[in-house]
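Residues per chain are reported as follows:
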Amino acid sequence: MLKASLKAYPLLPASSTHLPSTTITATPAAAMAHITDLPNELLLMIYPHLPLQALIASRGVCRKWRNLASVSHIHPTRRKLLGLYESFVHSPAFLATRPLIEPHLCSFDREAYVSALPESTPDDLRMWLLEWPARAAIACLWPGLDSKFNMSQDIFASRRDARNCLTPKPAVHNLDLALCNGTAHVSALEVFDEGNGWRHWVVLDGKLGDEDLRGCVYSKVRGDDGTAGYGESLEAKCWLGYLQTEVSNEQARLEQTGLYCPCQACQDRALDLLAP
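Read on for an overview of the structure. (Residues numbered from 1 in each chain as written. Predicted model: local features only at pLDDT ≥ 70, side-chain atom pairs only at ≥ 80, totals over all residues. Heavy atoms only, no water.)

### Remarks on the nonpolar core
- Of all hydrophobic cores here, the largest spans 43 residues; its most connected members are Trp128, Trp132, Ile138, Val202, Trp239, Tyr242 and Leu243.
- Every element with two or more residues in this core is listed here: helix 3 (52–58), helix 5 (76–89), helix 6 (92–101), helix 7 (110–115), helix 8 (123–131), strand 3 (182–193), strand 4 (198–205) and helix 10 (239–257).
- Top contributing element to this core by residue count: helix 5, with six residues.
- Setting aside its immediate chain neighbours within four residues, Tyr242 contacts Leu141, Val191, Phe192, His200, Val217, Glu235 and Ala236.
- Of all hydrophobic cores here, the second largest spans eleven residues; its members include Leu175, Leu177, Val186 and Tyr218. (Core = buried A, V, L, I, M, F, W, Y, C linked by side-chain atoms within 4.5 Å. Buried < 20%, exposed > 50% of the residue type's maximum accessible area, 1.4 Å probe, protein only. Helix = DSSP H or I, 4+ residues; strand = E, 2+ residues; numbered from the N terminus. Contact = heavy atoms within 4.5 Å.)

### Looking at the pattern of salt bridges
- Applying the stated criterion across every chain yields a total of seven salt bridges.
- Ionic pairing is found between Arg199 and Asp193, a salt bridge with its closest N-O pair at 3.5 Å.
- Residue Arg199 is classed as partly exposed on the basis of its relative accessible area of 33%.
- On the basis of relative accessibility, which here comes to 9%, the residue Asp193 falls in the buried class.
- Several salt bridges share partner residues, and in doing so they unite Arg163, Glu190, Asp193 and Arg199 into one network. (Salt bridge = Lys/Arg side-chain N within 4 Å of Asp/Glu carboxyl O.)

### Section: the packing of helix 5 against helix 8
- In contact at an axis separation of 10 Å, helix 5 and helix 8 are set at 60° when each is read in the N-to-C sense. When the axis of helix 5 is compared with that of helix 8, the two are oblique. In the crossing of helix 5 with helix 8, the sense of the turn from one axis to the other is right-handed. Side by side, helix 5 and helix 8 meet where Thr77, Arg78 and Leu81 of the first sit next to Asp123, Asp124, Met127, Trp128 and Glu131 of the second.
- The class makeup of the residues in the contact of helix 5 with helix 8 is three nonpolar, one polar and four charged. (Axes fitted to C-alpha atoms, helices over the stretch in contact; angles between N-to-C directions. Parallel < 35°, antiparallel > 145°, perpendicular 65-115°, else oblique. Left-handed = near helix turned anticlockwise from the far one by under 90°. Nonpolar A, V, L, I, M, F, W, Y, C, P; charged D, E, K, R; others polar.)

As structure tokens, this is what we get:
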């Protein structure tokens, strides 16, 4: 039996480095597997490992991938960011502001930026800094916006000195927040100056009693005497909530100043700016 097997399948010489030519079969290009041919079970294992921008791109591949992205086990914070992106890009404010913001975007080191923040930095802020698409900056809030960009002339026409405070290198401040139930000593990052004395801060670390204030966004104004009499107002209880509010506020500002143009030509130009 063994001898018969050896005759049927002769051994290759020790010096041979290739199989007999009869065993090599060229695979036609049309028959090669494509990533879209992967079974749903395997795709669902891939989605949890994708960063935000890859998830955004995957939803545009086909209907199957879009549906799978909706049911896959994505990190809860990343899923909220994906939902925020979807709602923002379909809002009139997005289309109207892209031609204004796009020319003023510049690169910054995202990893270095996040590394310079305290370890207590909220997860939603950290992930937003690392993964959010720069070209989808909301309400001029982005570390990669040119500091020379005068937002008062375009988006905040009713204010003289409104400005984005998220510079490419973060500056963390120690603040005292005089709240209704006491004073909280917190570490915070300045994010926006309204131009009327009020500035917005996101809390990176701090408590008031047992209440964790991390992620809360407060607006803060200096009193008339210039040294005391601070006033505080809670803008949002988390960073993503603040961004969602700013999407609505931006739309209202554009309508008030007449900057939003619903015509198809203007919307097409805005979409062209986002084309890769």
